[in-house]
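What follows is each chain in one-letter form.
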Amino acid sequence: VRCVAYPAPLFVDMSEAKVEPLDLPTGVLTGDETRKLFLHAQKYGYAIPAFNCTSSSTINCVLEAARDSKSPIIIQVSTSGAWFYAGKGVRNDGKDKKKTLEGSVLGAVAAAMHVRTVSKFYGVPVVMHSDHCAKKLLPWFDGMLDADEEYFKVYGVPLFSSHMLDLSEEKDEENIETCVKYFKRMAKINLFLEMEIGKTGGEEDGVKHEGAISELFTHPDQVWKVHEALDAISPNFSVAAAFGNFHGVYKAPDGGNKVKLTPEILGKHQEKIAAELKKISKPVRSSKPTFLVMHGGSGSEKSEIMEAVKNGVCKMNVDTDTQWAYWCGVHKYYHKNGHRMYKQLGGKDNNDGLPNKKKYDPRVWIREAEKSMSARVTEALNVLGAIGKYTPKEAFANEKPLAPLVRAIVKDEEHK
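Residues numbered from 1 in each chain as written. Predicted model: local features only at pLDDT ≥ 70, side-chain atom pairs only at ≥ 80, totals over all residues. Heavy atoms only, no water.

**Observations concerning the packing of aromatic side chains**
No. 1: Counted under the stated rule, the structure contains six aromatic pairs.
No. 2: A centroid spacing of 5.0 Å and a plane angle of 70 degrees characterise the contact between F141 and Y182, whose relative ring orientation is edge-to-face. Here Y182 lies in helix α6 (residues 172-187) and F141 lies in helix α5 (residues 138-155), a separation of 41 residues in the sequence. Residue F141 shares its accessibility class with Y182, and that shared class is buried.
No. 3: Look at F183 and F237: their rings are 6.2 Å apart centre to centre, the planes differ by 80 degrees, and that puts the pair in the edge-to-face class. Remark: F237 occurs in strand β9 (residues 237-241) and F183 occurs in helix α6; sequence separation between them is 54 residues.
No. 4: The exposure class assigned to F183 is buried, which follows from its relative accessible area of 0%.
No. 5: For F237, a relative accessible area of 2% translates into the label buried.
No. 6: Among the aromatic side chains, those forming a connected cluster through ring pairs are F38, F192 and F291.
No. 7: Of note, K88 hangs over the ring of W83, and the distance from its end group to the ring centre comes to 4.5 Å.
No. 8: Across from the ring centre of F291, 4.3 Å away, lies the NZ or CZ of R285, which sits over that ring. (Phe/Tyr/Trp six-rings, centres within 6.5 Å; stacked < 30°, edge-to-face > 60°. Helix = DSSP H or I, 4+ residues; strand = E, 2+ residues; numbered from the N terminus. Buried < 20%, exposed > 50% of the residue type's maximum accessible area, 1.4 Å probe, protein only. Lys NZ or Arg CZ within 6 Å of the ring centre and 35° of its normal.)

**Observations regarding the pairing of strand β11 (residues 313-318)**
No. 1: Summarising burial for β11: six of the six residues are buried, a large majority.
No. 2: In terms of strand pairing, strand β2 (residues 48-52) meets β11 through four bridges, oriented parallel. Directly across from A50, in β11, lies its bridge partner N317. (Pairing = 2+ DSSP bridges.)

Next comes the structure, spelled out in structure tokens:
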């Protein structure tokens, strides 16, 4: 397959459409503000893409695309992506080889601090999120929550906006009980929770599902049980319910080349929740009473995505496609300039003595990767209808600049 860098896509700026202004601050949002964003998305029929980032470079190009597209954005880190952010030279286990995931905790905190430091200068609201956390990865979740709580003590807001628990490989009862336990802790410091019930195919950070296609669908009764349990604590949560979707770009379990999504089942989840709420005389905010999340967005058809959004999906994960786009930027650059990158002076087949530093300088070819990935981010924003939903603000408009701490975990007495 020939690698072609993504061109800047054409899109329609919807900022002039009849949409109520999205009244949110720039920079990293809280749990309450994340819920406000998702309510706005459901009301006006769009969703916000969430991009897995593994470096300051990938974070910056996502922010750049959001600013230029006048859109809110979601940046997220996975366990392995966070470890890469910290540096693979950092230990990710304790001296006894027990999986403490220290490197993943450090990298996630560093990424969140980077986003908090620069995001206001891009002038858009950002949901800072951590992606899939399976049962075996809970030490990572615990470490991030510790950082959130310490940050909250100083600033009155959590370090992150939201976190995801993915106990979908466990029994539903354990899955929900674990989410309830953590959500009670998270609600105290204004964090948003995403959870997964039902199995999403493919593999994400070591959580792999290779079962039958019939197992890739969540039942409405399962979603109701989640909603009932979590809504009793806080309204700041979302559910990643499976509807045949896969992480990454894979063949279907039956060997076919196309996984058949059934986004219409998501509407059944909403109907079930609304009906159950009416039974117990609780208010139903709309025909979409819960926030849904679409995983495995890479490679999906636009019609399938839009049907999912119609049924209440307000967040869609994208990772594989943006990894490919980032690589394509490098590949295209090398294809054009490779003959000047074999040695520091001269070309591949000549000794003209001319310096090649401006060709192999990482800032040059990494920038080409960023531009290619930014174009793919813009494409996702366009497909999901998020473009033009926010008017970018100047950095620190109507507020004093506040340089965040270098370290996320601080003691109160250090600031007295």
